[in-house]
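Residues per chain are reported as follows:
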Amino acid sequence: MTGTAIPATKTARQARIAALLTAQPVRSQAELAGLLADDGVQVTQATLSRDLVELGAVRVRGEGGLVYAVPQAGVDRTPYAAVSKESLDARLAKLCAELLVTAEASANLVVLRTPPGAANFLAMSIDHSVMPDTLGCIAGDDTVVVITRDPLGGAAVAERFLQLAEDTTG
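Scoring rules and cut-offs
Every chain begins its residue count from 1, and numbering advances along the sequence as written. For a predicted model such as this one, the threshold for reporting local features is a pLDDT of at least 70, and the threshold for listing and counting side-chain atom pairs is 80 or more; totals across whole chains, interfaces and linings nevertheless cover every residue. Computation of side-chain values covers all heavy atoms of the structure but excludes hydrogens and water. Remark: nonpolar core denotes a set of buried residues (Ala, Val, Leu, Ile, Met, Phe, Trp, Tyr, Cys) joined through side-chain atoms within 4.5 Å. Categorising residues by exposure relies on relative accessible area from a 1.4 Å probe, with only protein chains included: less than 20% of the type maximum marks a residue as buried, more than 50% marks it as exposed, and the intermediate range marks it as partly exposed. Labels follow the DSSP assignment, with helices taken as runs of H or I lasting at least four residues and strands as runs of E lasting at least two, numbered in each case from the N terminus. The contact definition used throughout considers only heavy atoms, calling two residues in contact when any of these lie within 4.5 Å. Two strands make a pair as long as DSSP finds a minimum of two bridges between them. Here, axes are lines fitted to C-alpha atoms. For helices the fit covers the stretch in contact, and angles between N-to-C directions go from 0 to 180 degrees. A helix is expected to reach a length of 1.5 Å times the quantity of its residues less one. The directions from the helix axis to the C-beta atoms are what the arc is built from.

1. Looking at the nonpolar core
Stage number 1. In this structure, Leu112, Ile126 and Phe161 are the most contacted members of the largest nonpolar core, which totals 23 residues.
Stage number 2. Every element with two or more residues in this core is listed here: α4 (85-99), β4 (109-113), α5 (119-128), β6 (143-148) and α6 (154-167).
Stage number 3. Those residues in contact with Phe161 that lie beyond four places of it in its chain are Leu92, Cys96, Leu100, Val110, Leu112, Ile126, Met131 and Val146.
Stage number 4. The next biggest cluster of nonpolar side chains, apart from the first, holds 14 residues, and it includes Val43, Leu48, Leu52 and Ala57.

2. Examining unusual backbone geometry
Stage number 1. Phi at Ala107 takes a positive value of approximately 55°, unusual for a residue other than glycine.
Stage number 2. Mapped onto the fold, Ala107 is located in the loop between β3 (102-106) and β4.
Stage number 3. Judged by relative accessible area, Ala107 falls into the partly exposed class, the value being 43%.

3. A short note on the sheet that holds strand β5 (residues 134-139)
Stage number 1. Read across the sheet, four strands follow the order β3-β4-β6-β5 without closing on themselves; strand pairing throughout is antiparallel. In this open sheet, the two strands that pair with only one neighbour each are β3 and β5. Strand-to-strand twist across the sheet, computed as the mean angle between neighbouring axes with direction ignored, equals 20°.
Stage number 2. Here α5 sits on the sheet and contacts β4, β5 and β6; the angle it forms with β5, its principal contact strand, is near 165°.

4. So, helix α1 (residues 10-23)
Stage number 1. An ideal rise of 1.5 Å per residue puts 20 Å on 14 residues; α1 measures up with 20 Å between its terminal C-alpha atoms.
Stage number 2. Listing the buried residues of α1 in full gives Ala12, Arg13, Gln14, Arg16, Ile17, Leu20 and Leu21.
Stage number 3. Residues of α1 that are buried sit in contact with α2 (29-38), α3 (45-55) and β2 (65-69).

5. Things to note about the environment of Asp150
Stage number 1. For Asp150, the location among the structural elements is in the loop between β6 and α6.
Stage number 2. Sequence spacing of Asp150 and Asp133 is 17 residues, and the spatial spacing of their C-alpha atoms is 7.2 Å.

6. Focus: α6
Stage number 1. When the terminal C-alpha atoms of α6 are compared, their 20 Å separation across 14 residues agrees well with the 20 Å that a helix rising 1.5 Å per residue should span.
Stage number 2. Buried residues of α6: Gly154, Val157, Ala158, Phe161, Leu164 and Ala165, and no others. Taken end-on, α6 shows its buried residues confined to a sector of 115°, consistent with a single buried face. In α6, the exposed positions that point more than 90 degrees away from the buried face belong to Ala155, Ala156, Glu166 and Asp167.

Read these as layout, nothing more, since geometry by itself doesn't imply function.
Take a look at the structure:
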């Protein structure tokens, strides 16, 4: 996670653990500790074990055996193994086709409009997708603001969202 500062707090550590378990298959606590260390987060095995319990992490059958999984936000709290990049990209494209009304850019910001009540759903999909050009997003009722890494990258990212929407509408 280059370029990202992770504070040395329990909340930040647990958020990073959940993100790692959601993004890739993790088979052991030792492997998870190594991934955290790669991000500059040092953790003891006892602390890591407590964090996994507090997050509700369980071991589920995934590709290549048992992997850790955490319940996802939303209605269905069933833990699932990490989802592939292709699946996340396909989900984002499908949601863009169904929900994206407009996409406009200004400097490093992209403003996405959705039908009323749909912005948070689209924003969650953007946050869970693997779009390296984005830092994150903020959602209201019918508007999502996406912040890009490049100070002038908004136009390219807005165009990417429009392409995602159009590619699946055939």
